[in-house]
Amino acid sequence: MQKSRMTIDRARHRTDAVLLDLDGTLVDSLRDLTEALNAVLTGEGLPSVSLAQTRAMVGDGAGKLVERALQATGGDPARAHELVPRFLTLYEPIASRHTRPYPGVVETLGSLSEAGFALAVVTNKPVRATRIVLDGLGLAPFIGAVIGGDTLAQRKPDPAPLRAALRQLRVPPGRAVMVGDNHHDVEAARAAGVAAIAVSYGYAHRPPHDLGADAVIDDFAELPAALIRIWPRGTARLSAASASAAWTSARTVRTRS
Ligand SMILES: O=C(O)COP(=O)(O)O
Ligand SMILES: [Mg+2]
């Protein structure tokens, strides 16, 4: 009985997509990023940066991160281009050492995936490091497409990475939601015609409630409830009842297995 309800829910929702930002949304990666960054800075004879400084610098890709770290420590930002390969060589082996999913992430991705939602990661982190994090933290099995900051010539806030993820998932923009911690996540979503949910616990460069998202959540486990509230109008719109049934069903099946 439970199983057949689940099958119906899967069929109903299989072409709705949730696009997920990585740093500051799915995972707290500050410590590993800061360690790799500081190894680069030390090599350049520059002072180290703190976790709080990294927090304010992350989100626009590895190039900007290194450039901002050089700027913050009295280095030459023009050297960033040259130092990014060194940063990535140092970062990749430790990318999942201290980095952890935020509370509720693993369970919620599992439940959304079981309920039939297509999930993609759309991040400005270079794709090789992204895959290392997703594999290392056990998130990869839930994710149907991964677009990194170097997958295309454009990165968020450009809508191209979101569109590429949706093409891979075969889901139209009107049936998708982007979940992120930063203004570029919301801007990219708007430009792609995708709904946006902001998380308040990440590395936002401005107050999360000022990002212009359709909803703000304080905990990743609130995502299903937020999806029910804001899902875009149209043929794929989830009624509160059906989404809630899918969610309850997914939870029940998970609990049973
Ligand atoms: O700037 C980065 O490297 C990654 O940032 P994002 O996962 O928040 O897009
Ligand atoms: Mg982010």
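The structure under discussion appears in the preceding block.
For every chain, the first residue of the written sequence is number 1, and numbering continues from 1 onward in sequence order. The naming scheme follows written order: chains are lettered A onward, ligands numbered 1 onward. Where local features are concerned, this predicted model is filtered to residues with pLDDT of at least 70; where side-chain atom pairs are given and counted, the filter is 80 or more; whole-chain, interface and lining totals use all residues. Derived side-chain values reflect all non-hydrogen atoms in the structure, with water molecules and hydrogen atoms excluded from consideration.

A. Examining the coordination of the magnesium ion (ligand 2) more closely. Any N, O or S atom lying within 2.8 Å of the metal counts as a donor, with the limit raised to 3.2 Å for Na, K and Ca; because water is left out of the atom set, some sites can appear incomplete. With distances of 2.1 to 2.2 Å, the protein atoms coordinating the magnesium ion (ligand 2) are Asp21 (OD), Asp23 (O) and Asp181 (OD). Along the chain, the residues donating to the magnesium ion (ligand 2) are arranged with the sequence spacing D-x1-D-x157-D. One end of the pair, Asp23, is in the loop between strand E1 (17–20) and strand E2 (27–28); the other, Asp181, is in the loop between strand E6 (176–180) and helix H9 (183–192), and 158 residues separate them in sequence. For the pair formed by Asp23 and Asp181, the shared burial category is buried. Only DSSP runs of H or I covering at least 4 residues are called helices, and only runs of E covering at least 2 are called strands; the numbering of each starts at the N terminus. Burial status follows relative accessibility: with a 1.4 Å probe on protein chains alone, a residue under 20% of its type maximum counts as buried, one over 50% as exposed, and anything between as partly exposed.

B. Representation of the pattern of salt bridges in the model. For this document, the term salt bridge refers to a Lys or Arg side-chain nitrogen within 4 Å of an Asp or Glu carboxyl oxygen. Applying the stated rule across the entire model yields 13 salt bridges. The partner of Glu82 in a salt bridge is Arg79, and the shortest N-O contact between them spans 2.3 Å. On the basis of relative accessible area, Glu82 is assigned to the exposed category, the value being 54%. By relative accessible area, which is 23% here, Arg79 ends up partly exposed.

C. Seen up close, the pairing of strand E7 (residues 195–199). For E7, the buried fraction is high: five of the five residues fall into the buried class. Side-chain alternation along E7 places Ala195, Ile197 and Val199 on one buried face and Ala196 and Ala198 on a second face that is also buried. For two strands to be treated as a pair, DSSP must find at least two bridges joining them. Pairing of E6 with E7 involves four bridges; the strand directions are parallel. Bridge pairing in E7 places Val177 opposite Ala195. In terms of handedness, the path from E6 via H9 over to E7 forms a crossover that is right-handed. Bridge count between E7 and strand E8 (residues 215–217): three bridges; the pairing is parallel. Bridge pairing in E8 links Ile197 to Ala215. Crossovers are marked right-handed if the path from the first strand over the helix to the second runs clockwise, as seen with the strands pointing away from the viewer.

D. Spotlight on the site of ligand 1. Around ligand 1, the neighbouring residues are Asp21, Leu22, Asp23, Gly59, Asp60, Gly61, Thr123, Asn124, Lys125 and Lys156. In the environment of ligand 1, an oxygen atom lies 2.8 Å from a nitrogen or oxygen atom belonging to the backbone of Gly61. Thr123 is positioned such that a nitrogen or oxygen atom in its side chain is 2.6 Å from an oxygen atom of ligand 1. In isolation ligand 1 offers 280 Å² of accessible surface; the protein chains occlude 97% of this area. For each structure, a 1 Å grid was placed over the protein atoms alone; sets of points admitting a 1.4 Å probe that cannot get out are labelled cavities, open sets with protein on both sides within 12 Å along at least five of seven lines are labelled pockets, and lining residues have an atom within 4 Å of a point. Any molecule with more than half of its atoms within 2 Å of a cavity's or pocket's grid points is regarded as sitting in that cavity or pocket. Most atoms of ligand 1, that is more than half of them, are within 2 Å of grid points of the largest cavity. Note on residue classes: Ala, Val, Leu, Ile, Met, Phe, Trp, Tyr, Cys and Pro are nonpolar, Asp, Glu, Lys and Arg are charged, and everything else, Gly too, is polar. Residues belonging to the shell around ligand 1 are distributed by class as follows: one nonpolar, four polar and five charged. Here the shell around ligand 1 gathers at least three residues from each of two domains, domain 1 (2–28 + 100–256) and domain 2 (30–94). Throughout, near means a residue has at least one heavy atom within 4 Å of the molecule or strand. Polar contact is defined as a pair of N or O atoms within 3.5 Å, subject to the rule that within protein one atom must be able to donate a hydrogen and the other to accept it, and that residues adjacent in sequence are counted only when both atoms are side-chain atoms. In these tables, accessible area is a Shrake-Rupley quantity obtained with a 1.4 Å probe, and a residue counts as shielded only by the protein chains included in the view. Just so you know, the domain bounds were taken from an automatic or database domain assignment.

E. Region of the structure containing the nonpolar core. Residue types Ala, Val, Leu, Ile, Met, Phe, Trp, Tyr and Cys, when buried and joined through side-chain atoms within 4.5 Å, form a set referred to as a nonpolar core. Grouped together as the largest cluster of nonpolar side chains are 58 residues, with contacts concentrated most on Phe87 and Ile197. Split by domain, the residues of this core number at least three in each of domain 1 (2–28 + 100–256) and domain 2 (30–94). In what follows, a contact means two residues having at least one pair of non-hydrogen atoms within 4.5 Å. Ignoring anything within four residues of it in the chain, the contact list for Phe87 reads Leu33, Ala36, Leu37, Val40, Ala62, Leu65 and Val66. Core analysis: the second largest hydrophobic core is formed by 23 residues, Ala118, Ala120, Met178 and Ala189 among them.

F. Region of the structure containing the packing of helix H2 (residues 30–43) against helix H4 (residues 62–72). Here, axes are lines fitted to C-alpha atoms. For helices the fit covers the stretch in contact, and angles between N-to-C directions go from 0 to 180 degrees. Taken N-terminus to C-terminus, the directions of H2 and H4 make an angle of 55 degrees; their axes are 11 Å apart at the nearest point. Here H2 is positioned oblique relative to H4, judged by the angle of their axes. Handedness of the H2/H4 crossing: right-handed. Mapping the contact onto sequence places Leu33, Leu37 and Leu41 in H2 and Leu65, Val66, Ala69 and Leu70 in H4. Its residues assigned to classes, the contact of H2 with H4 comprises seven nonpolar, no polar and no charged. Roughly parallel means an angle under 35 degrees; roughly antiparallel, over 145; roughly perpendicular, 65 to 115; everything else is oblique. Helix crossings fall into two classes, left-handed where the near helix is turned counterclockwise from the far one by less than a right angle and right-handed where it is turned clockwise.

G. Region of interest: the side chain of His184. Along the polypeptide, His184 turns up in helix H9. Assessed through its relative accessible area of 2%, His184 is described here as buried. A distance of 3.2 Å separates the side chain of His184 from the backbone oxygen of Gly59, its partner in a polar contact. When neighbours within four sequence positions are excluded, His184 is seen to be in contact with Gly59, Asp60, Asn124, Lys156 and Pro157.

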